[in-house]
Amino acid sequence: MRIIVPLQGVVQGRGGVFWGSVIPCGLFYLLQLYIRQRRPNSSEEDNGETGEAAPSSDASLSRVNSHSDVSAANNKESTSSGSHIQLRSPRRPSFVSHRAITLSDTGDSAYYIGWREYYKDPYHATDNPNGIIQLGLAENTLSLDLLQDWLSHHPEASMWNEGEEFSLVDMAPYQYTHGIPALKAVLSDFLGNLMKGSLPFYADNIVVTAGATAALEILAFCLGDAGDSFLVPSPYYPGFDRDIKWKSGIQLVPVYCPSHEGFKISKRALEKAYNQSQREGSRVRAVLITTPGNPVGSTLDAETIQGVLDFARKKGVHVISDEIYAASVFKGEFVSASQILASGDYDPDFVHIVYGLSKDFGIPGFRVGLLYSTNEKILAAARNLTRFCTVSSYTQKLLVHLFKDKGFIERFLEENRQRLKNRHETVLKHLEMAKISCADSNGGLYVFVDLRHLLTSSSVEAENDLWKKLLYEVKVSLSPASACHYPESGWFRLCFANLDDLTLVVALERLCSFIKAMKK
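Quick look at the structure, then. (Residues numbered from 1 in each chain as written. Predicted model: local features only at pLDDT ≥ 70, side-chain atom pairs only at ≥ 80, totals over all residues. Heavy atoms only, no water.)

1. Observations regarding the sheet that holds strand β12 (residues 491–495)
Then step 1. If you walk across this open sheet you meet the three strands as β9-β12-β11, and the pairing is antiparallel. Both outer strands of the open sheet, β9 (446–450) and β11 (479–480), are each paired with one neighbouring strand and no more.
Then step 2. As defined by bridge partners, β9 adjoins β12 across five bridges and the pair is classed as antiparallel. Counted as the bridge partner of Val447 is Leu494 from β12.
Then step 3. Along the sheet, helix α17 (residues 460–474) makes contact with β11 and β12, crossing β12 at roughly 30 degrees. (Pairing = 2+ DSSP bridges. Helix = DSSP H or I, 4+ residues; strand = E, 2+ residues; numbered from the N terminus. Contact = heavy atoms within 4.5 Å. Axes fitted to C-alpha atoms, helices over the stretch in contact; angles between N-to-C directions.)

2. Brief notes about the pairing of strand β7 (residues 351–356)
Then step 1. Among the six residues that make up β7, six are buried, leaving the element largely enclosed by the rest of the structure.
Then step 2. Side chains of β7 alternate between two faces, with Val351, Ile353 and Tyr355 and His352, Val354 and Gly356 buried alike.
Then step 3. Judged from the four bridges that link them, strand β6 (residues 318–322) and β7 form a sheet pairing that is parallel. Bridging from a neighbouring strand, Ile320 pairs with His352 of β7.
Then step 4. Where β7 meets strand β8 (residues 369–372), four bridges bridge the pair, whose relative direction is antiparallel. Looking at β8, one finds that Ile353 is bridged to Tyr372. (Buried < 20%, exposed > 50% of the residue type's maximum accessible area, 1.4 Å probe, protein only.)

3. Some thoughts on the sheet that holds β8
Then step 1. Strands sit in the order β2-β8-β7-β6-β5-β3-β4 across an open sheet of seven strands; the sheet is mixed. Each edge of the open sheet is held by one strand with a lone partner, namely β2 (206–209) and β4 (251–256). Within this sheet the neighbouring strands show an average axis-to-axis angle of 25 degrees, counted without direction.
Then step 2. Two elements, strand β3 (residues 229–234) and β4, share six bridges in a ladder whose sense is parallel. What sits directly across from Pro233, in β4, is Val255.
Then step 3. Helix-sheet contacts for helix α10 (residues 240–248) involve β3, β4, β5 (284–290) and β6, and the interaxial angle to β4 is about 140 degrees.

4. Structural notes on the environment of Val505
Then step 1. Examined against the element boundaries, Val505 turns out to sit in helix α18 (residues 501–519).
Then step 2. Val505 sits in the partly exposed class, given a relative accessible area of 27%.

5. Details of the pattern of salt bridges
Then step 1. Enumeration according to the criterion identifies 18 salt bridges in this entry.
Then step 2. Arg268 serves as the salt-bridge partner of Glu261, at 3.4 Å between the closest nitrogen and oxygen.
Then step 3. Take Glu261: its relative accessible area is 31%, and that puts it in the partly exposed class.
Then step 4. Each of the salt bridges in this network shares a partner with another, and the network as a whole consists of Asp145, Glu415 and Arg419. (Salt bridge = Lys/Arg side-chain N within 4 Å of Asp/Glu carboxyl O.)

From the geometry alone we can't say anything about function, so treat these as descriptive.
Structural data, given as structure tokens:
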């Protein structure tokens, strides 16, 4: 109005009272129209920091976004009409946080795309013989028959009988969210037997979580603040981005481990990654190692773990040792970080071990993991955080019965290792016939296949082109190096323990036939 009133006086002096009122008001509303047409709509404002929004699988989020789009369209239509001008109604709240929007999709990683495409067109020997075969899932189904047989002979483990230990009356009420004492006791014995020569595993230092993912997330929350960093030897498990970064805000800095050096972790590479993080203004809070490695499948030797602990001690940061494949080493010896701590040269309060039953026992659906630490502050916080990731008391009861049978556990793990070894040899045999090499491995549920010679160039784009051919033409889903944050394009993780024997052979024949054709 500061503009309109003086303008009205000027126009009145020339055209009278009527035109002196109409013209300034008309100009004022035209100015409003111009400003509103150039203002970004609500959906653009929501996505201004995150880029183009991907489709959401959440129904409520989809409804909110679609309503915003319709409202914006209606507003544009009404303001562009020449005969009628309607001011835009106040913007309605979306009821979705910025954090929720950023987590509404798993992203464009080939690791997750491969999953989605497989679910759309899964292979079946008779119903869908031309479907996609999933070689991108590190899941172990090889020894579930042994568990099924044990359960059939031990009905007390899964049934509620009045008067027995762990009756329904005992287990139905609220329990400790961080694990019942009986489960912690049998797990501490199990870990002590599995990692011989290590520091003693005390039950009170175990925090039971709903899967190893939850244990990692809790450690990320406890060890750093949003914007801080963990150093992670690369290539590494694609799911770490989801498990660690999503809620904690911790950044993952890859530590490049060259293939020509056997994917070994070097102090030089650790220093380089540490300095990079410092330059970017991010505090390094921990080093996250995995043994056996994922996707390479090789165990870390004592010297390498000592090198990591030396580096961490020098920098004053923590070490997280993800040992979820500890009992899936089918050749050579497994070395735990806890065994290195037994030397007494390192402060155990700065070393934390993560384990779970998903891989070695093939029961990811049970959602059972744990973190082990001697750091009382970490333990206190972790126990409180398990309120959000508690394992059901029914599952805990079953596992107490299972792990009390030490003879069966020993036989199960021995047989499972042999079956993994046989599968590993089957894969290597087929790949050798196609003259394809892999990284040396002695554990885990996968091999890291070298297909660099099939790329048209050493770029990520060329790797992506090859990955698409494998997925959509050959109909096998593998995880490429880029999904594992590895700069050497052309490496692919191939998982071999989630299929039956015949399906694995079909997948390997498809892959080898394609490779032979590419070479011609």
